[in-house]
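# Topology and contacts: notes
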Amino acid sequence: MAQRSGTDLVEVVAAALQARLADLTGALRDRLSSRISELDGDAAIIDLLHASIEGNVENILNALRHDIPLDKIEPPSAAYEYARRLAQRGVPVSALVRAYRLGQQNLLELVFAECDRMDAPPPARAAAYERVVAVTFDYIDWISQRVITVYEDERERWLAERNSARVGRVDELVAGTVTDVDGAERVLGYRLRVSHLGAVLWVHETGTQQDQLTRFTRTATAVAEALGARGTPLLVPHDRATAWAWFAVPEDVVPDLGALAVRLRAVGEPPLPRLALGRPASGVEGFRRTHLEAVQAQQVATVGDDPRRAVTGFDEPGLKVAALLTHDLDTTRTWVRETLGELARDDEQHERLRHTLLLFFQHDSSYTATAEAMLMHKNSVKYRIASAAKALGRPIGSDRQAIELALTACHWLGRAVLAEAG
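These numbers come from a predicted model, not from an experiment. (Residues numbered from 1 in each chain as written. Predicted model: local features only at pLDDT ≥ 70, side-chain atom pairs only at ≥ 80, totals over all residues. Heavy atoms only, no water.)

Turning our eyes to something else, we now look at the overall build of the protein chain. Looking only at helices and strands, the protein chain features 16 helices and six strands. Over its C-alpha trace the protein chain gives a radius of gyration of 33 Å, far above what one expects of a compact globule, namely 22 Å for 422 residues. Principal axes of the C-alpha set define a box for the protein chain whose edges measure 120 × 45 × 35 Å. Expressed as a percentage of its 422 residues, the buried residues of the protein chain come to 46%. Looking at the protein chain alone, contacts between residues at least 24 apart form 72% of all its contacts between residues at least 6 apart. Counting only carbon and sulfur atoms, one obtains 50% of the accessible surface of the protein chain, whose full area is about 21300 Å². (Helix = DSSP H or I, 4+ residues; strand = E, 2+ residues; numbered from the N terminus. Rg over C-alpha atoms; globule rule 2.2 N^0.38 Å. Buried < 20%, exposed > 50% of the residue type's maximum accessible area, 1.4 Å probe, protein only. Contact = heavy atoms within 4.5 Å. Areas by Shrake-Rupley, 256 points an atom, 1.4 Å probe, with all protein chains shown as cover.)

Its place among the elements puts Thr-408 in helix α16 (residues 400-413). Relative accessible area serves as the criterion here: at 11%, Thr-408 is assigned to the buried category. Within the structure, the side chain of Thr-408 is placed 2.9 Å from the backbone oxygen of Glu-404, a separation counted as a polar contact. Thr-408 has contacts with Gly-318 and Leu-358, leaving out every residue within four places of it along the chain. (Polar contact = N/O pair within 3.5 Å; in protein donor to acceptor, adjacent residues only side chain to side chain.)

On to helix α2 (residues 21-35), then. Side chains of residues three or four places apart in an α-helix project in the same direction, reflecting 3.6 residues per turn. Here α2 contains 15 residues, and its C-alpha end-to-end distance of 21 Å stays within 8% of the 21 Å for a straight helix at 1.5 Å per residue. Along α2, the residues that are buried comprise Leu-21, Leu-24, Thr-25, Gly-26, Leu-28, Leu-32 and Ser-33. (Expected span 1.5 Å × (residues − 1).)

A few words now on the packing of helix α13 (residues 348-362) against α16. Look at α13 against α16: their axes get within 10 Å of each other, and the N-to-C directions meet at 125°. Considered as vectors, α13 and α16 are oriented oblique to each other. For the pair α13 and α16, the crossing hand works out as left-handed. Where α13 abuts α16, its residues Arg-354, Leu-357, Leu-358, Phe-361 and Gln-362 lie against Arg-400, Ile-403, Glu-404, Leu-407, Thr-408, Cys-410 and His-411. (Axes fitted to C-alpha atoms, helices over the stretch in contact; angles between N-to-C directions. Parallel < 35°, antiparallel > 145°, perpendicular 65-115°, else oblique. Left-handed = near helix turned anticlockwise from the far one by under 90°.)

Taken as a whole and judged by the stated rule, the model has 23 salt bridges. Across the salt bridge formed by Arg-85 and Glu-81, the nearest N and O atoms sit 3.0 Å from each other. Taken together, the positions of Arg-85 and Glu-81, both in helix α4 (residues 77-88) and four residues apart, correspond to about one turn of that helix. For Arg-85, a relative accessible area of 28% gives the class partly exposed. Judged by relative accessible area, which is 25%, Glu-81 ranks as partly exposed. When the shortest N-O distance is used, the salt bridge between Arg-279 and Glu-293 registers 2.6 Å. Taken as a pair, Arg-279 in the loop between β4 (274-277) and β5 (281-282) and Glu-293 in helix α10 (residues 283-304) lie far apart in primary sequence, 14 residues in all. (Salt bridge = Lys/Arg side-chain N within 4 Å of Asp/Glu carboxyl O.)

So, on to the packing of α13 against helix α15 (residues 378-392). As a packed pair, α13 and α15 sit with axes 9 Å apart at the nearest point and diverge in direction by 110°. Considering their axes alone, α13 and α15 lie roughly perpendicular with respect to each other. Residues His-350, Arg-352, Leu-353, Thr-356, Leu-357 and Phe-360 of α13 form the contact with α15, whose participating residues are Val-381, Arg-384, Ile-385, Ser-387, Ala-388, Ala-391 and Leu-392. Of the residues that constitute the contact of α13 with α15, the class distribution is eight nonpolar, three polar and two charged. (Nonpolar A, V, L, I, M, F, W, Y, C, P; charged D, E, K, R; others polar.)

Let us look at the nonpolar core. Membership of the largest hydrophobic core comes to 55 residues, with the highest contact counts inside it found for Trp-246, Leu-340, Leu-343 and Leu-357. Take this core: its biggest share by element is seven residues, from α16. Apart from residues lying up to four places away in sequence, Leu-340 is in contact with Arg-354, Ala-391, Leu-392, Ile-403, Ala-406, Leu-407 and Cys-410. Core analysis: the next-biggest nonpolar cluster, separate from the first, contains 51 residues, Val-10, Leu-21, Ile-45 and Ala-87 among them. (Core = buried A, V, L, I, M, F, W, Y, C linked by side-chain atoms within 4.5 Å.)

A few words on the packing of aromatic side chains. Tallied over the full model, the rule gives six aromatic pairs. Taken together, the ring pairs in this structure connect Tyr-190, Trp-246 and Phe-287 into an aromatic cluster. The ring of Tyr-367 is capped by Lys-382, whose NZ or CZ atom sits 5.6 Å from the centre of that ring. (Phe/Tyr/Trp six-rings, centres within 6.5 Å; stacked < 30°, edge-to-face > 60°. Lys NZ or Arg CZ within 6 Å of the ring centre and 35° of its normal.)

Further remarks concern the pairing of β4. By the alternation rule, side chains of β4 split into Arg-274 and Ala-276 and Leu-275 and Leu-277, which are all buried. Pairing between strand β1 (residues 195-202) and β4: four bridges, direction antiparallel. Considered in β4, the bridge of Trp-202 is made with Arg-274. Relative to strand β6 (residues 311-313), β4 runs parallel, the two being bridged by three bridges. Bridged to Leu-277 within β6 is Gly-313. (Pairing = 2+ DSSP bridges.)

When strand β2 (residues 230-239) meets strand β3 (residues 242-248), the two strands line up antiparallel, connected through six bridges. Considered in β3, the bridge of Arg-230 is made with Ala-248. Connecting the antiparallel pair β2 and β3 is a turn made up of two residues.

This paragraph deals with unusual backbone geometry. Phi at Ser-365 is positive, roughly 55°, even though this residue is not glycine. Within the secondary structure layout, Ser-365 lies in the loop between α13 and α14 (367-374). Given a relative accessible area of 30%, Ser-365 falls into the partly exposed group. Even without glycine at this site, Asp-399 takes up a positive phi of about 55°.

The following block contains the structure:
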């Protein structure tokens with residue numbers, strides 16, 4: 001028998017493997033789905049994986065057997081559809097790329113093993129190996145680029161459609177018009193019959209040109225961990241610099257605002273996200289109410305614009321009143337200045353006096369309790385209270401409710417209602 005050349009050997013080996021295509025495809029499918037956990041899905045996705053492998057292996061074997069150049073080969077339609085399905089299910093593209101690399105490795109092993117069974121001199125084997133490697137590498141590089149493009153296009157389209165549907169359901173929930181709760185849960189991928197904590201995340205970056213969604217996603221994940229939330233939080237973009245979030249939390253959760261501020265600082269590079277929280281509330285109505293509270297807390301934090309305040313909670317003392325006062329800032333500003341007089345000056349000295357007087361009112365006008373809260377001597381508190389009364393121009397007991405309310409407005413709204421330092 002005449003010894004085969006390298007070209008003859010490649011053709012014979014390719015034909016032999018084509019005769020076993022069904023078995024080879026099944027074995028490779030099982031290998032990939034076991035080696036790459038992200039690919040081990042339901043029956044429909046496994047069937048598509050099988051069809052994609054079969055189409056790609058057949059393309060390579062035909063190219064080897066009949067010397068078909070790449071520009072004459074059509075990509076398998078199943079390979080494109082498989083890439084689309086993975087994109088829709090959120091399987092990372094790295095898993096798809098790895099599948100092609102492992103598939104290439106497995107096919108080369110099969111071809112080399114088949115070559116070893118053939119009667120061919122070493123030069124013919126070397127030539128055959130060289131051709132098989134070249135064709136296989138070229139094909140995998142060619143098809144990989146195409147399926148990645150299909151994946152990325154589908155992922156972008158899918159996310160846009162899904163986000164649009166999610167935003168629509170969220171808008172309906174906030175408006176109180178949702179009637180199909182089960183349908184809303186399916187679209188959102190989030191349970192509604194639980195206790196929720198609503199939040200608003202935003203960056204203080206005027207005219208930002210960068211989409212902050214990735215940053216907000218990381219932040220929401222960190223907040224969920226700090227809260228002990230169950231499952232993945234629901235996060236929807238509101239605009240380029242703002243996102244709305246909901247966390248499924250225990251009913252008795254009490255957010256530690258200080259600990260959450262530390263978490264925010266650890267999220268990543270500036271601009272650091274800021275966080276406003278509602279109060280925990282249950283069910284569909286709770287989903288709406290805690291969100292509206294978070295929006296009000298954000299409104300107060302935005303007006304106050306205090307860089308020291310990374311986290312604002314609706315349940316903090318005085319915030320609810322401050323939220324009402326933001327609806328007419330011009331009137332609020334005029335009233336605060338008329339009520340507090342010189343005490344409304346925007347400088348460090350008067351800020352200390354306002355802070356002390358507000359704490360004094362909050363501690364039932366007790367010098368001792370106020371001193372303990374401020375870690376100060378009682379005489380120092382008395383001096384500050386006297387100085388505050390002097391700045392007011394009248395006794396602190398005269399119209400106390402108005403004075404305390406104006407101090408609360410100053411505490412939360414800051415320079416938006418204060419008078420310029422003179």
